[in-house]
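Here's the letter readout for the chains.
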Amino acid sequence: MQVDEIATVVATEQHGVWLTTTPAGSCNSCQVSGDCGTGIVAKTFTPRQQRFFVSTELKLLPGEQVRIGIAQQGLLLAALLVYLLPLALMLLSVTVLNVFWQVAEIWSLLLAVMAMAVGFYLARRYDQRPGQSEQVQILEVLPQLALHRVQPD
């Protein structure tokens, strides 16, 4: 199974294209989203656009829209790496520190932050290994809707 989304071509290179996607916020549909605390936080922390490179032999032009897909397994693995790995390293390091040595809380806190940073670093390194960009595939090029203004005679 794949998760798909619409992306826009912003630049082309010899072996691929640069695409952008705009994530849809989950909290913009009701009438009070401007006054709701959850809606304000969602608008503040939701990234506006994601830009990434996709290898392809298709000849695309900037401004064209494509439907892209990513394997659900790859998306799940990425979520586990980003969320679970830093948390697991943080909890494991603090537990080991407190079982073997009784230290002040500040040292436990510093170790927890460092372990979490190592987890984020490892997730980033895993994401940047060769072959990762091939996980995103262009499924189809969407037809362009051309609106022409007709001049009355």
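For clarity, every value in this text was computed on a predicted model and none was experimentally measured.

A. Quick peek at the overall build of the chain. Counting its regular elements, the chain contains three helices and five strands. Tracing the chain from N to C terminus, the helices and strands come up as β-β-α-β-β-α-α-β. Put simply, 76% of the contacts in the chain that link residues at least 6 apart link residues at least 24 apart.

B. Fine view of the sheet that holds strand S3 (residues 50–55). With antiparallel pairing, the five strands of this open sheet are ordered in space as S3-S2-S1-S4-S5. Bordering the open sheet on either side are S3 and strand S5 (136–141), each of which pairs with just one other strand. Taking the axes of each pair of neighbouring strands and ignoring which way they run, one obtains an average angle of 45 degrees across the sheet. Pairing of strand S1 (residues 2–13) with strand S2 (residues 16–21), which is carried by five bridges, proceeds in the antiparallel orientation. Note that in S2 the partner of Val-9 across the bridge is Leu-19. In the packing of helix H2 (residues 72–100) onto the sheet, contacts are made with S1 and strand S4 (65–71), and the angle to S4 comes to roughly 70 degrees.

C. Quick look at the environment of Ile-138. Position of Ile-138 relative to the elements: it lies in strand S5. Judged by its relative accessible area of 16%, Ile-138 is buried. Taking the C-alpha atoms as reference points, Ile-138 and Leu-58, 80 residues apart in sequence, are found 9.1 Å from one another. With residues near it in sequence (within four places) discarded, Ile-138 still touches Val-17, Val-54, Thr-56, Leu-58, Leu-60, Val-66, Arg-67 and Ile-68.

D. Summary view of the environment of Pro-86. Here Pro-86 shows up in helix H2. Looking at Pro-86, the relative accessible area reads 1%, which means it is buried. In this structure the C-alpha to C-alpha distance between Pro-86 and Val-113, which are 27 residues apart in sequence, comes to 9.3 Å. Setting aside residues up to four positions removed in sequence, Pro-86 forms contacts with Leu-81, Met-116, Gly-119 and Phe-120.

E. Fine view of the packing of H2 against helix H3 (residues 105–127). At a minimum axis separation of 8 Å, H2 and H3 run at an interaxial angle of 150 degrees. Taken together, the axis directions place H2 and H3 in an arrangement best described as roughly antiparallel. In the packing of H2 onto H3, the handedness of the crossing is right-handed. Every residue of H3 that contacts H2 at Leu-77, Leu-81, Val-82, Leu-85, Pro-86, Leu-89, Met-90, Ser-93, Val-94, Leu-97 and Asn-98 is listed here: Trp-107, Ser-108, Leu-111, Ala-112, Ala-115, Met-116, Val-118, Gly-119, Phe-120, Leu-122, Ala-123 and Tyr-126.

F. Main features of the pairing of S4. With seven bridges joining them, S1 and S4 adopt antiparallel strand pairing. Residue pairing across strands places Gln-2 opposite Ala-71, the latter belonging to S4. Pairing geometry for S4 and S5, over five bridges, is antiparallel. If you follow Ile-68 over to S5, its bridge partner there is Ile-138.

Thresholds, definitions, all that
Residues numbered from 1 in each chain as written. Predicted model: local features only at pLDDT ≥ 70, side-chain atom pairs only at ≥ 80, totals over all residues. Heavy atoms only, no water. Helix = DSSP H or I, 4+ residues; strand = E, 2+ residues; numbered from the N terminus. Contact = heavy atoms within 4.5 Å. Pairing = 2+ DSSP bridges. Axes fitted to C-alpha atoms, helices over the stretch in contact; angles between N-to-C directions. Buried < 20%, exposed > 50% of the residue type's maximum accessible area, 1.4 Å probe, protein only. Parallel < 35°, antiparallel > 145°, perpendicular 65-115°, else oblique. Left-handed = near helix turned anticlockwise from the far one by under 90°.

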